[in-house]
Amino acid sequence: MLVKLLKGLAIIVVLAAMAVVAGTVIPRPWRAPPPETTSATDRILVLSNPIHTDFAIPATPDILKRFSFLADAGLDLGNPDVRYIIFGWGGRAFYTETPTWADLKPIPVFKSLTLDSAVMHVQLAGDIPLDHPDVTPVDVSAAGFARLSDYIASSFTDGDEKPVPLGFSYGQGDAFFEGQGRFNALVGCNTWTAAGLREAGIATGLWTPLPWLLRISLRLHNPPGAFRPGEEVTG
């Protein structure tokens, strides 16, 4: 009985490893992006920690206007020191109840592995060092930037014509909102980020559930040197 159990576990581990490798090395989309995506005019940032990724979007006048509803949650969009707005999507229980590893609890972890309602986390930020190991600069076209902005906006749940703040935050300068969709172990924050990158015209792996898998796939499926830090690209 023990031998059968060990064999079964070994098969599961092998299948999981194969899925991870295939999800990283098989590109999505399978064809080259449209020609307009090759002319980069805007720079976005992908921020990562061991388990989660966010988008950092330049706080241009157009972006501040597009996401003006963030002020409803007390975010100071008029602060002259704001350089980026950071957007992340995730499971409500884990995201809201685990601001640090010290706050890790069994129930939010269980919900994140099964099925949980989604939330959007938004944070205002100043300058972000482009050479930091957890920062991946990504240059996109104006059209790609617009599509990514639409994608992020569509990830908020509308209520009474405006996205709904939860009335909860980790501290000053951030806020949570109701999000579209459902979160689970297969469709998580990093697959949300990958889908946003594809909207912007950037190829990713077929399935990248962890930040380091997403970073590897970006370098595999896009031109060499496309994600090296450099001078800011502005439209």
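Cut-offs and rules
- In this convention, every chain numbers its residues from 1, walking through the sequence in written order.
- A pLDDT threshold of at least 70 governs which residues receive local features in this predicted model, and a stricter bar of 80 or more applies before side-chain atom pairs are shown or counted, although totals over entire chains, interfaces and linings include all residues.
- The side-chain numbers reported here are obtained from all heavy atoms of the structure, hydrogens and water having been left aside.
- In this analysis, rings of Phe, Tyr and Trp, with Trp reduced to its six-membered ring, are considered paired at centre separations within 6.5 Å, and the interplanar angle assigns stacked below 30 degrees, edge-to-face beyond 60, and tilted for intermediate values.
- Only runs of H or I of at least four residues qualify as helices and only runs of E of at least two qualify as strands under DSSP, and these elements are numbered from the N terminus.
- Per-residue accessibility, obtained with a 1.4 Å probe over protein chains only, is compared with the maximum for each type, and a residue is labelled buried under 20%, exposed over 50%, and partly exposed between these values.
- Note on terminology: a nonpolar core comprises buried Ala, Val, Leu, Ile, Met, Phe, Trp, Tyr and Cys residues joined through side-chain atoms within 4.5 Å.
- Residues count as neighbours in contact if any of their non-hydrogen atoms are within 4.5 Å of one another.
- Pairing between two strands requires that DSSP report at least two bridges joining them.

## Description of the packing of aromatic side chains
So, point 1. Following the criterion strictly, the structure yields 14 aromatic pairs and no others.
So, point 2. Centre to centre, the rings of Phe-69 and Phe-156 are 5.1 Å apart; their planes meet at 80 degrees, and the pair counts as edge-to-face. Here the residue Phe-69 occupies a position in the loop between α2 (61-66) and β4 (84-91), and Phe-156 occupies one in the loop between α5 (142-154) and β7 (158-159), the gap between them amounting to 87 residues.
So, point 3. According to the relative accessible area criterion, Phe-156 is buried, its value standing at 1%.
So, point 4. Through a chain of ring-to-ring contacts, three or more aromatic side chains come together here, namely Phe-67, Phe-69, Phe-87, Phe-156 and Phe-177.

## Digging into the nonpolar core
So, point 1. Ranked by size, the top nonpolar core spans 38 residues in total, and within it Leu-70, Phe-87, Ile-152 and Phe-156 carry the most contacts.
So, point 2. Looking at this core, the element that brings in the most residues is helix α6 (residues 189-199), giving five residues.
So, point 3. If we skip the residues at most four places from it in the chain, Phe-87 touches Asp-54, Phe-55, Ile-57, Phe-67, Leu-70, Met-120, His-121, Val-122, Ile-152, Phe-156 and Trp-192.
So, point 4. If you look at the next biggest cluster of nonpolar residues, it comprises nine residues, including Ala-56, Tyr-84, Ala-125 and Ile-128.

## Notes on the environment of Ala-185
So, point 1. Following the sequence through the fold, Ala-185 ends up in the loop between β9 (174-183) and α6.
So, point 2. Of the residues examined, Ala-185 reaches a relative accessible area of 39% and is grouped as partly exposed.

## Description of the pairing of strand β5 (residues 116-125)
So, point 1. With eight of 10 residues buried, β5 is to be regarded as a mostly interior element.
So, point 2. The sheet contact formed by β4 and β5 spans eight bridges and is antiparallel. The residue of β5 that forms the bridge with Phe-87 is Val-122.
So, point 3. Relative to β9, β5 is paired through seven bridges, and the arrangement is antiparallel. Residue His-121 lies in a different strand from β9, and its bridge partner there is Phe-176.

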